[in-house]
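Here is what each chain is made of, one letter per residue.
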Amino acid sequence: MSETGELAELAKRRGFFFPSNEAYGGTAGFYTYGPEGAALKRNVEDVWRDLFVRKLGNMELEAPTIMPEAVFEASGHLDGFDDMIIECSECGATHRADHLVEDAVPDIEDAEALGTEQVAGLVAEHGIECPSCGAALADDTVEEFNLMFGTNIGPGSGSPGYLRPETAQGIFVEFPRLKEYARNTLPFGVAQIGRAYRNEISPRRALVRVREFTQAELEHFIDPEHDEPPIERVEDVEIPLYSAKDQNDDEGTVENHTVGEALDTDIVESEWVAYYLGRSMEFYERIGLDMDRFRYRQHLAGERAHYAADCWDAETELGGNWIEVTGFAYRSDYDLSKHGEYSDEPFTIFRQYDEPKTVERAVVDPDMSYLGPEFGSQAGAIAEELESLAGRDRSAFDGDSVSVAVDGETYTVPVEKTGFGVEEQTESGEHITPHVVEPSFGVGRIVYSVLIHTHGTDTVDGETRSFLGLPAELAPTTVAVVPLMTKDGLDDRAREIADRLREEGFEVAYDDTGNIGRRYRRQDEVGTPYCVTIDYETQEDDTVTVRERDSTEQRRVEIEKLPSVIRELLEGATLSTSGSPTT
Ligand code: GAP
């Protein structure tokens, strides 16, 4: 069985994740995390929170998942958040046209960057068939399909809304308030872990392409002219880079560079993106990804999202395919400018000058005793337009008269009646639109990668064992307490010890079904790093056996010392190397 097939089977059998709503035939693109999976996902999120919120001193918020249509008009998602769809005229099945092309044409790795007509041409040229019924798709059209799930807010259809396709928008729209919480000072970061929804045309590969998923996103608001990342913190960190140049070169491969080298040689353009590529290595290593199956890949021309200036993806290799798990984008001022343009709020922040500046400003003071009788009800609007025009283009006032447009009508006013003049003013700063740097993590894809990368088999006592080598802080259960027998008071003693360990703050499972070997295997398979066995010796001398998942080594430990021994093990000691206070 393939690595991904084996994992899907294990995930279902052991309660990590499984297709949702199977009692009703299942719903493609939706997965439920079972008890083990929900705990693992929460632990991954906690590591992310520790590194990207707590350690970086950022804020975290929790916004609604449904947002009004106006938000997505501004963000560009209504117009541009599309994938290419092809519908089989024979059986009616729908497919992602670009994926069909990528699967059928070995030379094409990124058909998404091509237009619909080009993709339709390739479908015809390569005789691509419908994966569902085998009919030729050559005559079927390729169209854009918007991925957002629409709904109505409240009864009726007067207030359309959408389930957010990225958590980021919930942060951007609150910028005017968030900047106050940041005391109007750049740079500051705002994070959010939450659900996002995309009506994917062809959900596939288990948690990789689903219709509802969790993102962990950080939006870092910066002043592009003045703020620099603390690059010295990461300049010596090695990062595996697969640049656009290397992707276009037949001989090109992934190359390891330090963050400093990557910037000096312009492989990574943006210092901020490089900073986050470096910082994120700590996250991927800490959650146990196999770093030999990990790379940062630069977006090719044409692949970048509508908002992005410099873009890299973190990718993991799963079952022979490279999968994007995180997008790193320099979003420039795109999002805040758009929300500023479409809403009534200023999405800007005040940048204080080091020294106040004296500037010349063109001003007007219209003579309303002239404008009123002359233009009637339009006089006020004309005065406002004159003021705006003076700010934009003072040369318009060079002649004897000046013209402004109000409600599609042009009005001409003698310059002497506008009160036009140029004044010197002292200014202490200016309003700027911050730029945004965004690392955007797909939590489901990361959980899936961790499961695949840590899953292994070996031989223990002549038997094949399947295990998850999860880092202890990610394991759904830290300690499994197992009585040798369910008689002679061993089970009661084991329950007591399990309760005590829970009180001490450990994630504990109690397991008394099946023979002891099977129970160890069960715990190994869900990644439990330690088992504690209660046996007849326990009744005599108050000691238990601690068994380590990775080495399968065992040592006897006094019950009194058990919590501190486990704590030491969690801090990195091993049963064989630690001077743990065992018996
Ligand atoms: N705010 C930027 C943004 O949403 P993205 O590259 O579209 O960027 C970020 O998504 C991450 O979300 C991806 O790297 C991926 O891990 C995850 N993701 C995107 N679409 C997904 C899907 N349909 N199923 C599962 N995860 C997905």
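Residues numbered from 1 in each chain as written. Predicted model: local features only at pLDDT ≥ 70, side-chain atom pairs only at ≥ 80, totals over all residues. Heavy atoms only, no water.

A. View of unusual backbone geometry. Residue Pro187 is reached from Leu186 by a cis peptide bond, and omega for that bond is -5°. By the secondary structure assignment, Pro187 is in the loop between α8 (175–181) and β10 (188–197). Phi at Asp407 takes a positive value of approximately 50°, unusual for a residue other than glycine. Mapping Asp407 onto the fold places it in the loop between β18 (401–406) and β19 (409–414). (Helix = DSSP H or I, 4+ residues; strand = E, 2+ residues; numbered from the N terminus.)

B. Just the sheet that holds strand β4 (residues 66–68), in detail. Strand order in the open sheet formed by three strands is β4-β9-β8, and the pairing between neighbours is antiparallel. Two strands close off the open sheet at either side, each with one partner strand: β4 and β8 (150–152). Averaged over all pairs of adjacent strands, the angle between strand axes in this sheet comes to 40°, irrespective of strand direction. Two elements, β4 and strand β9 (residues 160–163), share three bridges in a ladder whose sense is antiparallel. Opposite Met67, over in β9, you have Tyr162 as the bridge partner. (Pairing = 2+ DSSP bridges. Axes fitted to C-alpha atoms, helices over the stretch in contact; angles between N-to-C directions.)

C. Spotlight on the sheet that holds strand β5 (residues 82–87). An order of β6-β5-β7 is seen for the three strands of this open sheet, with the pairing classed as antiparallel. Looking along the sheet, the strands with just one partner apiece sit at the ends: β6 (94–96) and β7 (142–146). Direction aside, the axes of adjacent strands within the sheet are offset by 45° on average. Bridging between β5 and β6 involves three bridges; their strand directions are antiparallel. The residue of β6 that forms the bridge with Ile86 is His95. Helix α5 (residues 97–104) contacts β5, β6 and β7 of the sheet and is inclined by roughly 65° relative to β6. (Contact = heavy atoms within 4.5 Å.)

D. Seen up close, the environment of Val436. Checked against the element boundaries, Val436 lands in strand β21 (residues 435–442). What makes Val436 buried here is its relative accessible area of 0%. As for Val436 and Ser332, which are separated by 104 residues in sequence, their C-alpha atoms are 5.4 Å apart. Beyond its immediate chain neighbours, meaning those up to four positions away, Val436 contacts Phe172, Glu219, His220, Phe221, Ala329, Tyr330, Arg331 and Ser332. (Buried < 20%, exposed > 50% of the residue type's maximum accessible area, 1.4 Å probe, protein only.)

Any functional reading would require information beyond the geometric quantities listed.
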